Structure formats: C-alpha cells, structure tokens
Number of protein chains: 2
Amino acid sequence: MHDLKSPQSQAKRRLLDAAEQLFAERGFEVVSVRDVTQLAKANVAAINYHFGTRDGLIAQVVARHLTPLNEERLARLETLERKWSGKVPPLEEVIDAFVRPLVGAVRKSDLSERLLCALLGRIFSLQGALLPSSIEDQARHSSDRFIRSLGKALPAVSPEELAWRTHFVIGAMIHMLVNQDLLHRMTNGVSGVPSMEVTLGRFIRFACAGLREGVEEECAVTKGPQATFDF
Amino acid sequence: MHDLKSPQSQAKRRLLDAAEQLFAERGFEVVSVRDVTQLAKANVAAINYHFGTRDGLIAQVVARHLTPLNEERLARLETLERKWSGKVPPLEEVIDAFVRPLVGAVRKSDLSERLLCALLGRIFSLQGALLPSSIEDQARHSSDRFIRSLGKALPAVSPEELAWRTHFVIGAMIHMLVNQDLLHRMTNGVSGVPSMEVTLGRFIRFACAGLREGVEEECAVTKGPQATFDF
DNA sequence: GTCTATAAAGTGATAGAC
DNA sequence: GTCTATCACTTTATAGAC
C-alpha cells in the first residue's frame, strides 16, 4: 500500500484522478491505460507499477467510491431504524437513505457533479468480472438490507413484485446518473439544469410512486401529507 | 443493397445473426469483427465486403431492429388516437403502445427472448456516434410524439417535470431489458422467470404510477378500475 | 519510483489472387 | 463473393537501465 499523501506518489493520485475522469466520460470498457497515463502526464508503466493491471486500477477506482457510499447508506438506514424504533420507517425515508449519500459524495469529490454522477452510475451498472468479490459482497449486503426495509414498508407487495419494482428503480437511477446531459439535449433544454438536490427529490417521488403502485393500505403512518420533506 | 434471400449472401445473414448475438451478450463496444466472423464461420474480410466498416455493421443491426419497432410504435399510437377520437388517450394505453411492440419483435426474431431484449436495450442506450443520423432522427421523432401524448394525458405535470419522469421510465426500461438475468441472480431466484407479457405488465403499472405521481385530477376517463387491460 | 524499449497479441481495413 | 496475406496501429504488460 502507498500513502497517497507522500510526495513520491502524487503520481498515483494523478493517475486515479485521470482514470476517474475518463471512466466517467467514456465508460470503463473503452478507456485504455495509455489514455489514462497521457492525461495524468505519467509514464505508461506507472499504471502497472501502482495498480498491477488495468483491472487493478478499475478495482481501486470502484472501491474508493463505492465503499464509503455503501457505508453511508447503511449508516443512514440504521439511523432511520433507531429513529422509528419498533415502527416501520416510511418508504420515502428508506429511498432517501439510499440515494441521498450521492449528494455527500459529490461534495467530497474533486470531480464535477456531472462527472461524479456519471462515474457512480457506471459503477452501479458494472457487471461481475470487473469488480473484486469483496466489493460485490459489500454491495450485495447493502442491497439486501434495503430490499428488506422496502419489504417492511410495503407489506402488501409480494417479494417477487417488489424485486421487479426495485429493479426498475435501480435502472431509473443509473440512467439519471449517467445520461443527465442526454436528457438536456433530447428535450432542447426543457429539462432544465436542476441541482442534484432537485433531481433527487424528483427521483424519490417518482420511485416511491412506482414502488407503491396499487397499494391501498400502507403499513404505518406514511400516508398523508409529506410536508416533512425538504425537497 | 443485397437480397438477403439470394443464396449468394446467406453469409451476410449469418454475419448479422452472429453480430446480433454477440452485441446482445457483450455490448457493441467490446465485440470485434473477428469475434463476429469467427462465430459466423465466415472470413475476416467478409465484414468489410458486406458492410464496409465495423460501424456499418452496427448501423445495419440497429436499423433492422429499431426502424420496424418505431414504426409499430407510431402505428399503435395513431390507432389509439383514432380510437379515442377527439378525447385524450389514457396514460396506460400510451405507455402500452410504447412498449408492447417489444413482444412482437421477440416473436419475429430468431434470437431468444432474453438476447433480443438485451440487444434492444443496448440499442436504446447507444450514444450518438454509433448510429447513423437517419436513425437518430427517426428515434427522436418517435420519442417526441410519445412525449406529446404523455403531456396530453398528464396536463397537470409540467413539461420539465414530465421530461425527467420520462427519463426515469426510459432508464427503467433499458435496465429491465439488458439486465433481466442479473435480477434473477441478485435475488436468488425470488424474481422468478416471468414471461415478457408479465414483465411488461409490471413495467407499465410501475411507469404509470411514477409518471402520475402527485396528480389528483387526471385529464379524462382514465381514473377508475383498469379492468379493461389484459395483463 | 520512473523511465525506455520491447514483447506478444489483438485491432480494423485492404490489396489482390481465385 | 470468398479467400489469404498483410499493413499499420493499438492494446496490455514487463524487463531492465537509471
């Protein structure tokens, strides 16, 4: 392991930054190690020295973003369960706990909001081969926890139906993150350029409505005005 | 242009079939012309002979599937407008007209349902560079028509809000099409292996609920029991 | 840690024989 | 129309000098 603050391996940080930018813009599959070293003004061999292989570089980029995000998600979910001790947290708050950490991630990152969102979206849609199994276990654990919370918030929805609805929600999220500029182009600007906060609010309302479809009696106190929300 | 039924260019059909299968399984970016010719048991030069370039091959694969699909979509939309002459077609039926042509596409194709869905999903998420502008115009025309119909069905939703909700719906659809087997793995089989009909029914209900979120007064007769639908 | 040089394999495309 | 042979690059990765 290398200390990212030591002067010797500023190069490593530069490589990671360059890699993140290019992966966000173009996708993991089509960015070569040469693209990365060129943008980072580093030597071709630097990638292999610091990360072993190209896949090693991808794994580090993924881990650096996905691990803190999933930790934050789980922490928020636990806070939620403590707050509603005994009772079942309402749907909106569960979804909020799942997506709001994205805002914090944007603030912490050096990348622009647009690029970081694209990177995270691409990470979420990564298929098995590219991510180390430790990360995959972690992601699965997080997703299991959330699905269980959703199931409790929506007892009237069968597990099978809930699995599909959750799948739709994840798809909508990934597309929102990766293709936000596409929407702007396709609508000739009608979509506006809203802040992350506004977009997340829209997404949460959309997702909850879809998840809740056909449910007459919600589990707990979740019906009624949602004026407690700040978006 | 070549006649696909002539004996001389069975090879061309074999190449298209092989290309479709590989593009569906792995994505356009990562399939080489050699992968295609190998699977089609054809010569390397055959791709360039029949399609000019690799991009030409992709364009033909895309056009062969996207053009009839968009035509069918528009035809269904027009049928709908005739049926509701003067009045505004209800949301469910507009979304149905948008996604149901997928079922017909599956029936017509030689590919398995799973592969064809993946291919179509990948086509929908293609970014500009890879598809000829004629196809892009066609896709934009179709999508404009549908957004206008959605706007009429949901007059209470602002154009900006509607643009984002539609974006979420498209994202959910793409993810459903490309990653249906991922869901099965991730849920340890809880999601089941439903037919296309069932999945589309789920999707339509989810999408309509999301699009309709917060709308109290629908435009026309669309409120009330939806028993007229066959899914 | 950083560099050059190079290996070994893969890429899209084409000329020219048949 | 189909094939072989080949061009001109690009890819990841590594050995070895500094």
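This structure is a prediction, so every number in the text was calculated from the model and none was measured.

Trainee: Explain the overall build of chain A to me, please; I cannot follow it from the model alone.
Mentor: Each helix and strand in chain A was counted, giving eleven helices and zero strands. Along chain A, helices and strands appear, N-terminal first, in the series α-α-α-α-α-α-α-α-α-α-α. On the principal axes, the C-alpha backbone points of chain A span a range of 60 × 40 × 30 Å. Excluding contacts between residues fewer than 6 apart, the proportion of contacts in chain A whose partners are at least 24 apart in sequence is 73%. Of the roughly 11100 Å² of accessible surface on chain A, 53% is carried by carbon and sulfur atoms. Of the side-chain charges in chain A, 29 are positive and 28 negative, and the distance between the mean point of each set is 5 Å.

Trainee: Explain the interface of chain A and chain B here, please?
Mentor: Interfaces are often sized by the amount of accessible area the parts lose when they come together. In this assembly, 42 residues from chain A lie in contact with 42 residues from chain B. Three residues, W164(A), F168(A) and F206(A), lead the burial of chain A against chain B; their summed loss comes to 21% of the area buried on that side. At the surface where chain A touches chain B, the tally comes to four salt bridges. Between R202(B) and E161(A) there is a salt bridge, with its nearest N and O atoms 2.8 Å apart. Where chain A packs against chain B, one counts ten residue pairs in polar contact (both at pLDDT 80 or more). Of all the secondary structure elements, the ones that give two or more residues to the side of chain A that touches chain B are α8 (133-153), α9 (159-178), α10 (180-186) and α11 (196-211) of chain A.

Trainee: Is there a simple way to think about the relation of the copies chain A and chain B in this case?
Mentor: Between the two chain copies there is a screw-like relation: a rotation about an axis and a shift along it. Mapping chain A onto chain B calls for a rotation angle of 180° and an axial translation of 0.0 Å; the resulting RMSD is 0.1 Å. As the rotation angle and translation indicate, the two copies are arranged about a two-fold axis. Here 100% of the interface residues in chain A have copies in chain B that are interface residues too; the copies meet face to matching face.

Trainee: So what exactly am I meant to see when it comes to helix α5 (residues 91-99) of chain B here?
Mentor: Note that an α-helix has 3.6 residues per turn; residues three or four places apart therefore point the same way. Residues and elements named next belong to chain B. In terms of burial, α5 is largely enclosed, as nine of its nine residues are buried. The complete set of buried residues in α5 reads L91, E92, E93, V94, I95, D96, A97, F98 and V99. In this fold, the buried residues of α5 make contact with α4 (54-83), α6 (101-108), α8 (133-153), α9 (159-178) and α11 (196-211).

Trainee: Explain the packing of aromatic side chains here, please?
Mentor: Between two aromatic rings, the relevant description is the distance of the centres plus the angle of the planes. Summed over all chains, the structure comprises eleven aromatic pairs over all chains. Between the aromatic rings of F168(A) and F203(B), the centroid separation amounts to 5.5 Å while the plane-to-plane angle is 80°, which identifies the pairing as edge-to-face. In this pair, F168(A) is assigned in helix α9 and F203(B) in helix α11, connecting two distinct chains. On the basis of relative accessibility, which here comes to 0%, the residue F168(A) falls in the buried class. The exposure class of F203(B) is buried, given its relative accessible area of 1%. With a centroid separation of 5.2 Å and 50° between ring planes, the pair formed by F206(A) and F168(B) is classed as tilted. With one member in each of two chains, F206(A) in helix α11 and F168(B) in helix α9 form a pair that bridges those chains. When sorted by exposure, F206(A) lands in the same class as F168(B), which is buried. In textbook terms, an aromatic cluster arises when at least three aromatic residues are bridged by ring pairs, as seen for W164(A), F168(A), F203(A), F206(A), W164(B), F168(B), F203(B) and F206(B). The ring of F98(A) carries the charged tip of R73(A) above its face, separated from the ring centre by 3.8 Å.

Trainee: Would you mind going over the domain arrangement of chain A with me for this structure?
Mentor: Residues and elements named next belong to chain A. Split by domain assignment, chain A resolves into domain 1 (8-52) and domain 2 (67-211). Summarising the inter-unit geometry, the C-alpha centres of domain 1 and domain 2 are found 28 Å apart. Facing the nine residues of domain 1 at the interface are nine residues of domain 2. Counting each side, the surface lost to burial between domain 1 and domain 2 is near 760 Å², with a carbon and sulfur contribution of 72%.

Trainee: Which parts of the structure should I look at to understand α9(B)?
Mentor: Here α9(B) spans 28 Å end to end across 20 residues, near enough to the 28 Å set by a 1.5 Å rise per residue. By the criterion of burial, α9(B) is predominantly enclosed, with 17 of the 20 residues buried.

Trainee: Whenever I open this one, the environment of V193(A) confuses me. Can you help?
Mentor: All names here are of chain A. Tracing the backbone through its elements, the reader meets V193 in the loop between α10 and α11. V193 sits in the exposed class, given a relative accessible area of 72%. Each C-alpha atom, one on V193 and one on K12, is 34 Å from the other, the two residues being 181 residues apart in sequence.

Quick notes on the rules
Residues numbered from 1 in each chain as written. Chains lettered and ligands numbered in written order. Predicted model: local features only at pLDDT ≥ 70, side-chain atom pairs only at ≥ 80, totals over all residues. Heavy atoms only, no water. Helix = DSSP H or I, 4+ residues; strand = E, 2+ residues; numbered from the N terminus. Contact = heavy atoms within 4.5 Å. Areas by Shrake-Rupley, 256 points an atom, 1.4 Å probe, with all protein chains shown as cover. Lys, Arg positive; Asp, Glu negative; His and termini not counted. Charge placed at Lys NZ, Arg CZ, Asp CG, Glu CD. Buried area = accessible area lost by both parts, 1.4 Å probe. Salt bridge = Lys/Arg side-chain N within 4 Å of Asp/Glu carboxyl O. Polar contact = N/O pair within 3.5 Å; in protein donor to acceptor, adjacent residues only side chain to side chain. Least-squares fit on C-alpha atoms with pLDDT ≥ 70 in both. Buried < 20%, exposed > 50% of the residue type's maximum accessible area, 1.4 Å probe, protein only. Phe/Tyr/Trp six-rings, centres within 6.5 Å; stacked < 30°, edge-to-face > 60°. Lys NZ or Arg CZ within 6 Å of the ring centre and 35° of its normal. Domains from an automatic or database assignment. Expected span 1.5 Å × (residues − 1).

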